[in-house]
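# Observations on the three-dimensional arrangement
Here are the chains, one letter per residue:
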Amino acid sequence: MRKFYIPVIILMILTSCEDYLNVNSPSTFDKDYIFTSESEIATAVNGMYVPMVSGKGWVGNLAQKMLFNTDVEFTTVTTSSNLKESAFEPSAGDISSYGSIWTGMYDGVNRTNDVIEGIEQSPLFEAADKTKPSRLMHYYGEAKVLRAMYYLELVRNWGDVPYRRKPAGNKDELFIGATDRDIILTDMINDLIEVEPVMWYAEESDRGVEAASREFCQGLIARMALYRGGWTLRPDYSNPAAIGSMQRNDDWQKYYEIAEKYAGKVINEGKHSLNRSFRQVWVDECSWIVPVNDDNIFDVPAKVGGSGELGYSWGTYIVSQKNSEGQNASNAPHGYSSGGSKLALTYMLSFDNKDLRRDLTCEMFRYENSGMTNIVQKPIAALTVYCGKWNRLFMATPLGSTSNKGTGINYTYMRYADVLLMYAEAANELAAVPTQDALDALNAVRTNAGLEGKTLAELSTKTLFRQAVYKERRLELALECDRWFDIVRTGQMAAIFPGIDAYRQLYPVPQTEIENVNDKAGWQNEGYALE
């Protein structure tokens, strides 16, 4: 793989986001700004969320355009040949969106770098007790958590990427080489381990689970540790033209121990639960109800009228027709959707008949107008399955018959069920035989789905338990952007996608980035041709 130089675009202006961010005016916080009050820091901290809630982030293009086609979910399946494709197997994505998403993630990185350095240079930080939680230390931890989140998205989509921990001060500092993904993930994990003890729990924050919290920090440590200890496509530096090979580092157990410890912290500290049914989690999500002590651990906040795709491209399909004023509309006051993202029929058929998740997650129907005032549910083609997690008909306060995108439905970035399964996976891989603690975590997810718990007699070997965890993650997390990355990090790509070229597990470096340099050789991820 290449060692390349990529211009990282830095946006020094922290723009406002009217709903959640509540930044009343642009603020020119840059690397030379010295924070003198917590209110100034709060404004800058809010600005760190702008890239993730914008059209480039999780509620917009990132989720919609960079959804990998898997054995669970897909958007469009086409045969690919070069970088001009609009979708490719097993990855799906609009190639024109890559550049905006790439720069959106680096916008987030640079905002967090500015805030981290600004806090570190502040007299408030110098005087603070750095051993216990406080508002200032929580802000500091929050900045490091969001930086780690942005970098994780870059690494798992593109592999080795440019890496900065400090704000860039001049144009020359915008051109930096790619750093090995292991270095980035290791640094991020260590950062979060350092700040975790001084952060607030979601229940202690006035922003709840719609902002980074102590338990989200713990869960993100576990997630990143599983990636750091997992399989990945490694470059062959002796042969730059080679695609490389799937490898796992010798120190993988160290990181699985970290994952077990910090996922275990989320569980043992008891701040979250699965008290609501699987269905109620999504009914609440679509009605903008986000409890601080249940399944949701971190939601990327969305705003009504924004750029969100949840409930439009993702979710129950509600067909529109022209109304009397020539506008696309539904007879339902909830509006309409496109049903663009779909589930595989084989996925739906893999559920147990008693599994309560199936009929909520998988829908083989759509809603159409009936007469002038009603909608009616109609069956869809036999091979088409939509996902009902994001169903605008669940909205307690409908947005109007012509409403479509911008539902304000949050992006569920991390749930407690995910953490339970991460713990079960890590604990099983580290033990000689499956343990009761790991089984309890697995069964918590199963029983919430209406299924009977497994026993250690049924899952008596590490292999049997591993397959049970993999299956549960597959059933639980459809269209939550985990399946493809789970397949890759656990080394299952060749088994699940035989015949698919290994290089497909990484996205091509955005062409717009390559155009910024004269010598373009070696810049692109292997397997993709330069235009």
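Conventions we followed
Residues numbered from 1 in each chain as written. Predicted model: local features only at pLDDT ≥ 70, side-chain atom pairs only at ≥ 80, totals over all residues. Heavy atoms only, no water. Helix = DSSP H or I, 4+ residues; strand = E, 2+ residues; numbered from the N terminus. Contact = heavy atoms within 4.5 Å. Areas by Shrake-Rupley, 256 points an atom, 1.4 Å probe, with all protein chains shown as cover. Axes fitted to C-alpha atoms, helices over the stretch in contact; angles between N-to-C directions. Parallel < 35°, antiparallel > 145°, perpendicular 65-115°, else oblique. Left-handed = near helix turned anticlockwise from the far one by under 90°. Nonpolar A, V, L, I, M, F, W, Y, C, P; charged D, E, K, R; others polar. Salt bridge = Lys/Arg side-chain N within 4 Å of Asp/Glu carboxyl O. Buried < 20%, exposed > 50% of the residue type's maximum accessible area, 1.4 Å probe, protein only. 1 Å grid on protein atoms, 1.4 Å probe; cavity = no way out; pocket = protein on both sides within 12 Å on 5 of 7 lines; lining within 4 Å. Points joined across faces, edges and corners; volume = space filled by probe spheres on them. Pairing = 2+ DSSP bridges. Polar contact = N/O pair within 3.5 Å; in protein donor to acceptor, adjacent residues only side chain to side chain. pLDDT = per-residue confidence, 0-100.

### Points about the overall build of the chain
Secondary structure assignment for the chain yields 18 helices and 15 strands. Of the contacts formed within the chain by residues at least 6 apart in sequence, a portion of 72% connects residues at least 24 apart. Here the chain has roughly 20,000 Å² of accessible surface; of this, 50% comes from carbon and sulfur atoms.

### Concerning the packing of helix α14 (residues 436–448) against helix α15 (residues 462–476)
Direction vectors running N to C along α14 and α15 enclose 30°, while the axes themselves pass 11 Å from each other. As summarised for this structure, α14 and α15 are arranged roughly parallel, according to the angle between their axes. In this structure, the crossing between α14 and α15 has a hand that is left-handed. Together, A438, L439, L442, V445 and R446 of α14 and F465, A468, V469, E472 and E476 of α15 make up the contact between the two elements. Residues that form the contact of α14 with α15 fall into these classes: seven nonpolar, no polar and three charged.

### Regarding the pattern of salt bridges
Applying the stated criterion across every chain, the model contains 38 salt bridges. K405 serves as the salt-bridge partner of E309, at 3.3 Å between the closest nitrogen and oxygen. In this pair, E309 sits in the loop between β7 (296–300) and β8 (321–322) while K405 sits in the loop between β14 (385–387) and β15 (411–415), placing the two residues 96 residues apart along the sequence. Taking the relative accessible area as the measure of exposure, K405 reaches 41% and is therefore partly exposed. In this structure, the salt-bridge partner of E429 is R466, at a minimum N-O distance of 2.7 Å. Of this pair, E429 sits in helix α13 (residues 416–430) while R466 sits in helix α15; the two residues are 37 residues apart in sequence, bridging distant segments of the chain. Look at E429 and you get buried, because its relative accessible area is 10%. The exposure class assigned to R466 is partly exposed, which follows from its relative accessible area of 22%. Counted as one network, the salt bridges with shared partners bring together D295, D355, R357, K389, R415, R446, E472, E476 and E480.

### A look at empty space enclosed by the protein
It is the rolling of a water-molecule-sized probe over the atoms that shows where space remains empty. Scanning all chains against the criterion turns up eight cavities of 30 Å³ or more. For the largest cavity, the calculated volume is near 190 Å³. What lines the largest cavity is a set of 19 residues, among which V155, R156, Y227, W231 and T232 lie closest to the centre. For the lining of the largest cavity, the secondary-structure elements that each account for two or more residues are α6 (135–158), α7 (181–195), α8 (214–228), β5 (232–234) and α16 (483–489). Per-element accounting of the lining of the largest cavity gives the leading share, four residues, to α16.

### Let's talk about the layout of surface pockets
Its boundaries defined by the atoms lining it, the largest pocket holds a volume of some 180 Å³. Lining the largest pocket are Q321, K322, N323, S324, A329, S330, N331, N369, G371, M372 and S401. Here the lining of the largest pocket is composed, by residue class, of two nonpolar, eight polar and one charged.

### Remarks on the sheet that holds β14
One open sheet holds the four strands; their spatial order is β2-β10-β14-β11, and the pairing between them is antiparallel. Each edge of the open sheet carries a strand with a single partner, namely β2 (73–74) and β11 (362–363). Of the pairings in the sheet, the one linking β2 to strand β10 (residues 342–343) comprises two bridges and is antiparallel in character. Among the inter-strand pairings, F74 is bridged to a residue of β10, identified as K342.

### Quick look at the side chain of E425
Mapped onto the secondary structure, E425 falls in helix α13. Here the side chain of E425 touches R489 through a polar contact of 2.7 Å, side chain to side chain. Ignoring anything within four residues of it in the chain, the contact list for E425 reads L226, Y256, V469, Y470, R473, R489 and T490.

### Structural notes on unusual backbone geometry
For W288, which is not a glycine, the phi torsion comes out positive at approximately 65°. Even without being glycine, C481 reaches a positive phi, approximately 60°. With respect to the helices and strands, the residue C481 is situated in the loop between α15 and α16.

### With respect to the packing of α13 against α15
Between α13 and α15, whose axes approach to 10 Å, the crossing angle comes to 165°. As far as their axial angle goes, α15 and α13 are roughly antiparallel. Classified by chirality, the crossing of α15 by α13 is left-handed. Contact residues: α13 offers A417, D418, L421, M422, A424, E425, N428, E429 and L430, while α15 offers K462, F465, R466, V469, Y470, E472, R473 and E476. Considered class by class, the residues forming the contact of α13 with α15 number eight nonpolar, one polar and eight charged.

### Section: the confidence of the model for the chain
Taken as a whole, the chain shows an average pLDDT of 87; of its residues, 86% reach a score of 70 or greater. Counted against residues more than four places away or in other chains, residues 1–27, with its pLDDT under 50, gives 98 contacts. Under a pLDDT of 50 for its full length, residues 78–93 has, in the predicted model, 54 contacts with residues more than four places off or in other chains.

### Considering the environment of I119
Position of I119 among the secondary structure elements: in helix α4 (residues 95–120). In this structure I119 comes out as buried when scored by relative accessible area, which is 0%. Sequence separation between I119 and I34 is 85 residues; the distance between their C-alpha atoms is 7.7 Å. If near-sequence neighbours (up to four positions away) are discounted, I119 is found in contact with F35, I41, F125, L136, Y139 and Y140.

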